[in-house]
Amino acid sequence: MKAWVLYGINDLRYGTVAEPELKEGEVLVAVKAAAVCGSDIPRIYRTGAYSYPLVPGHEFAGIVEKAGPGVADGWLGKRTGIFPLVPCGVCGPCQSRRYEMCRDYGYLGSRQDGGFAEYAAVPVRNLIELPAGVTLQEAAMLEPMAVAVHAMRRARPMAGDRVVVCGLGTIGMLLVSFLLEAGIRDVLVIGNKEFQRQAILKTGLEETCYCDSRAGDTEKWLMERTEGKGADVFFECVGINGTFSQAVNLTGPVGRVCLVGNPGSDMTLEREVYWKILRNQLTVTGTWNSSFTHEADDDWH
Ligand SMILES: [Zn+2]
Ligand SMILES: [Zn+2]
């Protein structure tokens, strides 16, 4: 089969490799669509993977073409989305079905071969059958969508809350869409690129709800927009010190700060900013990956 294979840092090659051999409980998925995650770029070009050679790609969808040992034939021909995390099944978080916190997990596209290939071996329990109305291209985005849903559920914004999303990468953009769809009307967003502004306008948000952080004083803008009260819920989707401090500074009394962005460096807070967490009795929440349990209330269904 044809595949993109990573042989080392900054050594990604397109070529012919053997089709994956199916282990117990796996199916062969013919990959029909795959997306490039923001994390694929450093993984491929700067930081590297856990082992080589590796087929990257953890955001993909396809059609089940072969059932491996121990898998019923019922999946054959089914269109499927894919949860890329392969949990160990025995650790504490796995026992309570919080697989996103598994202590010893595999991961398609970073710890084992993923979706930048014609075929991928996927554990059958990681499949999610696609409803008729969902295209395979759309389904390749299920993973980042579920990550955004997970972040939203961690912070639990209510209908009347003033919600800020800072950082408009894929997850930030999806968060804005889901917040609006969930009926949160008071959404303010902070970006720093022209295409982000245009994408935000397409969601139906007013131009006045968007702040370009390059243009001026973001803190002043947000305080004016909130009559000095700050946010009830602040999603930090960047992962740098400046926006981390901003998130704390711009969240009002008993507000929630949800840390979404992967850190680009050490994260520190000045003492004055740290005080605000205490004095404003803020809840600072982390979010990681997404929940996938096959139940209707997980982040994928
Ligand atoms: Zn990703
Ligand atoms: Zn586990």
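Because the structure is predicted, anything quoted here is derived from the model rather than measured. (Residues numbered from 1 in each chain as written. Chains lettered and ligands numbered in written order. Predicted model: local features only at pLDDT ≥ 70, side-chain atom pairs only at ≥ 80, totals over all residues. Heavy atoms only, no water.)

## As for the overall build of the chain
Right, on to step 1. Scanning the chain from N- to C-terminus turns up 9 helices and 15 strands.
Right, on to step 2. Expected size for 301 residues packed as a compact globule is a radius of gyration near 19 Å; at 21 Å, the chain falls within 12% of this value.
Right, on to step 3. With respect to the three principal axes, the spread of C-alpha positions in the chain is 60 × 40 × 40 Å.
Right, on to step 4. A burial count over the chain gives 49% of its 301 residues as buried.
Right, on to step 5. Expressed as a percentage of contacts within the chain between residues at least 6 apart in sequence, the contacts between residues at least 24 apart total 68%. (Helix = DSSP H or I, 4+ residues; strand = E, 2+ residues; numbered from the N terminus. Rg over C-alpha atoms; globule rule 2.2 N^0.38 Å. Buried < 20%, exposed > 50% of the residue type's maximum accessible area, 1.4 Å probe, protein only. Contact = heavy atoms within 4.5 Å.)

## Concerning the sheet that holds strand E12 (residues 210–212)
What links the strands of a sheet is backbone hydrogen bonding, and the strands pair in either a parallel or an antiparallel sense.
Right, on to step 1. Strand order in this open sheet of 6 strands is E12-E11-E10-E13-E14-E15, and the pairing throughout is parallel. Of all strands in the sheet, those with a lone pairing partner are E12 and strand E15 (283–286), marking the two edges. Geometrically, the sheet is characterised by an average inter-axis angle of 15 degrees between neighbouring strands, direction not taken into account.
Right, on to step 2. Relative to strand E14 (residues 251–259), strand E13 (residues 231–236) runs parallel, the two sharing 5 bridges. (Pairing = 2+ DSSP bridges. Axes fitted to C-alpha atoms, helices over the stretch in contact; angles between N-to-C directions.)

## Concerning the coordination of the zinc ion (ligand 2)
Tetrahedral coordination by four donors puts the ideal angle at the metal at 109.5 degrees, and octahedral coordination by six puts it at 90 or 180 degrees.
Right, on to step 1. Ligation of the zinc ion (ligand 2) by protein atoms is provided by Cys88 (SG), Cys91 (SG), Cys94 (SG) and Cys102 (SG), these donors lying 2.3 Å from the ion.
Right, on to step 2. Around the zinc ion (ligand 2) sit 4 donor atoms, and with donor-metal-donor angles ranging over 103 to 119 degrees the site reads as tetrahedral.
Right, on to step 3. Here the donor residues for the zinc ion (ligand 2) map to a single chain with the spacing C-x2-C-x2-C-x7-C. With cysteine 88 in the loop between strand E6 (85–86) and helix H2 (92–95) and cysteine 102 in the loop between H2 and strand E7 (106–107), this pair connects stretches of sequence that are 14 residues apart.
Right, on to step 4. Residue cysteine 102 is classed as buried on the basis of its relative accessible area of 5%. (Donors = N, O, S within 2.8 Å, 3.2 Å for Na, K, Ca; no water. Tetrahedral: all angles 85-135°; square planar, octahedral: opposite > 155°, others 65-115°.)

## Regarding the packing of helix H8 (residues 241–249) against helix H9 (residues 271–279)
Right, on to step 1. Packing of H8 against H9 brings their axes to within 9 Å, and their N-to-C directions diverge by 40 degrees. Viewed along their axes, H8 and H9 form a crossing whose handedness is left-handed. Residue-level inspection shows Ser245, Val248 and Asn249 of H8 in contact with H9, the latter providing Val273, Lys276 and Ile277. (Left-handed = near helix turned anticlockwise from the far one by under 90°.)

## Examining the coordination of the zinc ion (ligand 1)
Right, on to step 1. Surrounding the zinc ion (ligand 1) are the protein donor atoms Cys37 (SG), His58 (NE2) and Glu59 (OE), at 2.1 to 2.7 Å.
Right, on to step 2. As a motif over one chain, the donors of the zinc ion (ligand 1) read C-x20-H-E. Taken together, the positions of cysteine 37 in the loop between strand E3 (26–35) and helix H1 (40–47) and glutamate 59 in strand E4 (residues 59–67) put the pair 22 residues apart, joining distant regions of the chain.

## Some details on unusual backbone geometry
Right, on to step 1. The amide bond that connects tyrosine 52 to the next residue, proline 53, takes the cis arrangement and shows omega of -5 degrees.
Right, on to step 2. Looking at the element boundaries, proline 53 is found in the loop between H1 and E4.
Right, on to step 3. Positive phi, normally seen in glycine, also occurs at asparagine 10, with a value near 60 degrees.
Right, on to step 4. Tracing the backbone shows asparagine 10 in the loop between strand E1 (2–6) and strand E2 (12–16).
Right, on to step 5. Asparagine 10 sits in the exposed class, given a relative accessible area of 51%.
Right, on to step 6. Located in the positive-phi region is arginine 97, a residue other than glycine, with phi close to 60 degrees.
Right, on to step 7. Secondary-structure assignment places arginine 97 in the loop between H2 and E7.

## Section: the sheet that holds strand E9 (residues 127–129)
Right, on to step 1. Strand order in the open sheet formed by 5 strands is E8-E3-E4-E5-E9, and the pairing between neighbours is antiparallel. Strands at the two margins of the open sheet, each flanked by one partner only, are strand E8 (119–123) and E9. Going across the sheet, the axis of each strand differs from the next one's by a mean of 45 degrees, ignoring polarity.
Right, on to step 2. With 5 bridges connecting them, E3 and E8 associate as antiparallel partners. Note on E8: the bridge partner recorded for valine 29 is alanine 120.

## Examining the pairing of strand E10 (residues 162–166)
Right, on to step 1. With 5 of 5 residues buried, E10 lies mostly within the body of the structure.
Right, on to step 2. Here E10 shows two buried faces, one formed by Arg162, Val164 and Cys166 and the other by Val163 and Val165.
Right, on to step 3. Handedness of the crossover joining E10 and strand E11 (residues 186–191) through helix H5 (residues 170–181): right-handed. (Right-handed = clockwise from strand over helix to strand, strands pointing away.)

## So, the domain arrangement of the chain
Right, on to step 1. Domain assignment breaks the chain into domain 1 (2–140) and domain 2 (145–286).
Right, on to step 2. Each of domain 1 and domain 2 has a C-alpha centre, and the two are 31 Å apart. (Domains from an automatic or database assignment.)

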